[in-house]
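# Descriptive analysis of the structure
One-letter residues, chain by chain:
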Amino acid sequence: MRLSNLLRIAWRAIIRNKMRTLLTMLGIIIGVAAVIAMTAIGQGSKQSIEGQIKTMGSNMIMIVPLSNVQGGVRLDNSSVQSLDENDITALQKQPVYINAVSPVVSVKGQVINGANNWSTTIQGVYPDFLFIRSWPLKDGVAFTNRDVKSAAKVCLVGLTVIANLFPDGEDVIGKSIRFKNIPFKIIGVLSKKGDNSFGQDQDDMILTPVTTVQKRILATTYYQYIYASAIDEKSTDSASAEVEQVLRKSHRLTASNENDFTVRTQAQLVSMLTSTSSILTILLTVIAGISLVVGGIGIMNIMYVSVTERTKEIGLRMSLGARGRDILMQFLIEAILISITGGLIGIIIGITSTKAVTLFLHWPTAVSESSVLLSFLVCFITGVFFGYYPALKASKLDPIEALRYE
Amino acid sequence: MDSVIVDIKNLKREFKIGEETVKALNDVSFTIKTGEFITIMGSSGSGKTTLLNILGCLEKPTQGQYLLDGTDVSKLSKNELARLRNKKLGFVFQSYNLLARTSAIENVELPLLYNNEFSASERKEKAIKALEAVKLKDRMYHLPSQLSGGQQQRVAIARALINDPVMILADEATGNLDSRTSYEIMELIQELNDVHGKTIVFVTHEPDIALFSKRTITLKDGKILKDAINTNIGNAKAVLEKLPAPEEFSTTTA
């Protein structure tokens, strides 16, 4: 029997019971729509976290000192003094996978411009910091390595700081601001970076040469972090291994010593931050998948009813020359058609509701092609799986008895 | 025109009900030639339904031989039987058995849906021709619920004609109809037999219906009681004309 004929017969049977078919489809529709919406929301939040982490820089590697034991006392991160200039020198000596390194020393405090003042963070860094964090200047010039050497009182200012210190919107280059009674000359303005993945305003910040903070403000020789960047995205793991190796050597750690620092790549940060949302997405998708199975059982149920109801029709078709196989295909295709039509409606509803979520709740969403394709495939399989037994039952009917069935 | 299309020899059909064996057909032999119009008569339990089922290739005999148009039916598989029914036989049932909510023409097309040799356009063409033969061409898009009993039975006859069968099997085809409509159906069947040369086997328990056929086989207790050529064939058309004209409406739509 031709497929076009089978499709026609199945379609007619479905059309004949519109309401019942629609109710049967409902399980599949809800299941598919839920799967698509859940994965879209999950994917969306993952992508937005990834995007935010990307704003941190390109192929960035963060080295954080680790609390270690000093005289039996475990020290907390900020007071650990394991990273210093020697580490920087070591990292810059013969880099293979690293192309830039910058220390970070930060201090919070009040910054003043005339009558305006603002509480912000001042970070001491190397000029390479801007490269590592892919953070171009909006205006002015960056400080140089010479400024670092001389602990120059120059600074680069973030947009939030400018907005609070210079509310009139005048040109700030060349102006002086005071931080802890030290005047800093503004030589550049940082471009807008936005919030990071923890919700901190990255533009609320002042950058100065690291030595300026170390010598003029904090009087310390240690660093809070070291940022480095790998030569390209593929090399981040190699670069992180290189950093670890170099630092272990420079810290004179023996094989039995644990690292007194942690090396984190951006990729690790991404997977760390997205793991919760990934688990949630999987859970929700599984629940949605269960409703798909329930929908399939609904189809099976209705197909059994349909076979019983149409016993006489089956007998007639058989007496007119339909083989068991033809009847099997007829009912199987009917089941598949129901599940696939339900699937298509579900896909449309899923995508529409996803768009609605973005529009009204402003949640980031991303409908993935694979989730659409997968749910379509699952629908097809559901149709085949749950439609097969009722169809088999129909095909095994005896034409004489089926014809006599009332 | 005289070729044998049905050759039945020593046919037996037994059913086992519990521990008892019921002999529905016990040693039946006869032949049917092209162009014959046979009625099979008998009271209920005489085995006429079983005989029709076997003639219609819906079931196989327990013993004996059945050649349909040269094919030995007892050796065929279920699928081959289906194919044989599809190509060589036409069925007309007592309760019409039309698909509900399906137009007349689509009901008529049904057997050809199971035959890959016909395209959709050929199917339609043949269906129109078959409906023309039963004088229902103007009602081809009507649903069964919009047709009278006689018209529904004529759609069913058109369905039995569409595959140009070697034999049309009718099972109490007038059983659900009033006498006037019954005569109309018999008129049509006589016409198909006389004019179009269709071979017809008609199972009935009404003697006045049997009068219109050319030969009557009477069964009793699974055996042939009588197999007689009808010398005084009734003319359904003439009988119909003698009936008083219907008062309210006519179901004839010539």
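Residues numbered from 1 in each chain as written. Chains lettered and ligands numbered in written order. Predicted model: local features only at pLDDT ≥ 70, side-chain atom pairs only at ≥ 80, totals over all residues. Heavy atoms only, no water.

## Focus: the overall build of chain B
- A count of helices and strands for chain B gives eight helices and 10 strands.
- Relative to its length of 254 residues, chain B is compact, with a C-alpha radius of gyration of 18 Å against a globular reference of 18 Å.
- Taken along its principal axes, the extent of the C-alpha atoms in chain B is 50 × 45 × 40 Å.
- Taking contacts inside chain B between residues at least 6 apart in sequence as the whole, the part at least 24 apart equals 71%.
- As displayed, chain B has an accessible area near 11,600 Å², and 50% of this comes from carbon and sulfur atoms.
- For chain B, the centre of its 33 positive side-chain charges and the centre of its 33 negative side-chain charges are spaced 4 Å apart. (Helix = DSSP H or I, 4+ residues; strand = E, 2+ residues; numbered from the N terminus. Rg over C-alpha atoms; globule rule 2.2 N^0.38 Å. Contact = heavy atoms within 4.5 Å. Areas by Shrake-Rupley, 256 points an atom, 1.4 Å probe, with all protein chains shown as cover. Lys, Arg positive; Asp, Glu negative; His and termini not counted. Charge placed at Lys NZ, Arg CZ, Asp CG, Glu CD.)

## Digging into the interface of chain B and chain A
- The interface of chain B with chain A comprises 27 residues on the first partner and 25 residues on the second.
- Taken together, the two surfaces of chain B and chain A that pack against each other cover about 2,400 Å², and 52% of this comes from carbon and sulfur.
- At the boundary of chain B and chain A, one finds two salt bridges.
- For the pair chain B and chain A, the number of links is seven residue pairs in polar contact (both at pLDDT 80 or more).
- The set of elements that each furnish at least two residues to the side of chain B that touches chain A consists of helix 2 (78-88) and helix 3 (104-113) of chain B.
- When residues of the side of chain B that touches chain A are assigned to their parent elements, the largest contribution, five residues, is made by helix 3 of chain B.
- Here the residues of the side of chain B that touches chain A are counted per class, giving 11 nonpolar, eight polar and eight charged. (Buried area = accessible area lost by both parts, 1.4 Å probe. Salt bridge = Lys/Arg side-chain N within 4 Å of Asp/Glu carboxyl O. Polar contact = N/O pair within 3.5 Å; in protein donor to acceptor, adjacent residues only side chain to side chain. Nonpolar A, V, L, I, M, F, W, Y, C, P; charged D, E, K, R; others polar.)

## Thoughts on the nonpolar core
- Val6(B), Leu51(B), Leu55(B), Tyr66(B), Leu68(B) and Met167(B) are the most contacted members of the largest nonpolar core, which has 70 residues in total.
- Look past the residues within four positions of Val6(B) in its chain and what remains in contact with it is Phe30(B), Thr31(B), Ile32(B), Leu55(B), Tyr66(B), Leu67(B), Leu68(B) and Met167(B).
- Membership of the second largest hydrophobic core comes to 62 residues, among which are Ile49(A), Ile53(A), Met60(A) and Met62(A). (Core = buried A, V, L, I, M, F, W, Y, C linked by side-chain atoms within 4.5 Å. Buried < 20%, exposed > 50% of the residue type's maximum accessible area, 1.4 Å probe, protein only.)

## Points about the sheet that holds strand 3 (residues 37-41) of chain B
All names here are of chain B.
- The sheet built from six strands is open, its strands ordered 6-7-8-3-9-10 with mixed pairing. Among the strands making up the open sheet, the edge pair consists of strand 6 (89-92) and strand 10 (223-229). Each strand of the sheet is rotated relative to its neighbour by a mean of 15°, with strand direction disregarded.
- Where strand 9 (residues 215-220) and strand 10 come together, six bridges link them in antiparallel fashion. Residue pairing in the sheet places Arg215 in a bridge with Ile229 of strand 10.
- Across the face of the sheet, helix 2 comes into contact with strand 6 and strand 7 (167-171) while running at roughly 80° to strand 6.
- In this fold helix 6 (residues 179-194) packs onto strand 3 and strand 8 (200-203), with an angle of close to 155° to the strand it touches most, strand 8. (Pairing = 2+ DSSP bridges. Axes fitted to C-alpha atoms, helices over the stretch in contact; angles between N-to-C directions.)

## A closer look at helix 2 (residues 18-54) of chain A
- A rise of 1.5 Å per residue sets the reference length of helix 2 of chain A, with its 37 residues, at 54 Å; its end C-alpha atoms lie 51 Å apart and thus fit the reference within 8%.
- The principal kink in helix 2 of chain A, of about 35°, is found at Met25(A). (Expected span 1.5 Å × (residues − 1). Bend = angle between axes of the 7 residues up to and from the residue.)

## Quick word on the packing of helix 2 of chain A against helix 12 (residues 369-395) of chain A
All names here are of chain A.
- For the pair helix 2 and helix 12, the least separation of the axes is 10 Å and the interaxial angle reads 155°. Between helix 2 and helix 12, the crossing angle belongs to the class labelled roughly antiparallel. The handedness of the crossing between helix 2 and helix 12 is right-handed. Across the interface between the two elements, Ile28, Val32, Ile36 and Thr39 of helix 2 pack against Ser371, Val372, Ser375, Cys379 and Thr382 of helix 12.
- Grouping the constituent residues of the contact of helix 2 with helix 12 by class yields five nonpolar, four polar and no charged. (Parallel < 35°, antiparallel > 145°, perpendicular 65-115°, else oblique. Left-handed = near helix turned anticlockwise from the far one by under 90°.)

## So, the domain arrangement of chain A
- In terms of domain boundaries, chain A breaks down into domain 1 (3-52 + 273-404) and domain 2 (67-259).
- Centre-to-centre separation of domain 1 of chain A and domain 2 of chain A, based on C-alpha positions: 56 Å. (Domains from an automatic or database assignment.)

## A word on the pairing of strand 2 (residues 20-33) of chain B
All names here are of chain B.
- Note that strand 1 (residues 4-17) and strand 2 share 11 bridges and pair antiparallel. When the bridges of strand 2 are listed, Ile17 appears paired with Glu20.
- From the end of strand 1 to the start of strand 2, which pair antiparallel, there are two residues, and Gly18 there has a positive phi angle of about 65°.

## Remarks on the packing of helix 1 (residues 3-16) of chain A against helix 3 of chain B
- Running from amino to carboxyl end, helix 1 of chain A crosses helix 3 of chain B at an angle of 140°, the nearest separation of the two axes being 12 Å. The angle between the axes of helix 1 of chain A and helix 3 of chain B places the two elements in the oblique class. As helix 1 of chain A runs across helix 3 of chain B, the sense of the crossing is left-handed. Listed contacts from helix 3 of chain B to Asn5(A), Arg8(A), Ile9(A) and Arg12(A) of helix 1 of chain A are Glu106(B), Glu109(B) and Leu113(B).
- In the contact of helix 1 of chain A with helix 3 of chain B, the residues fall into two nonpolar, one polar and four charged.

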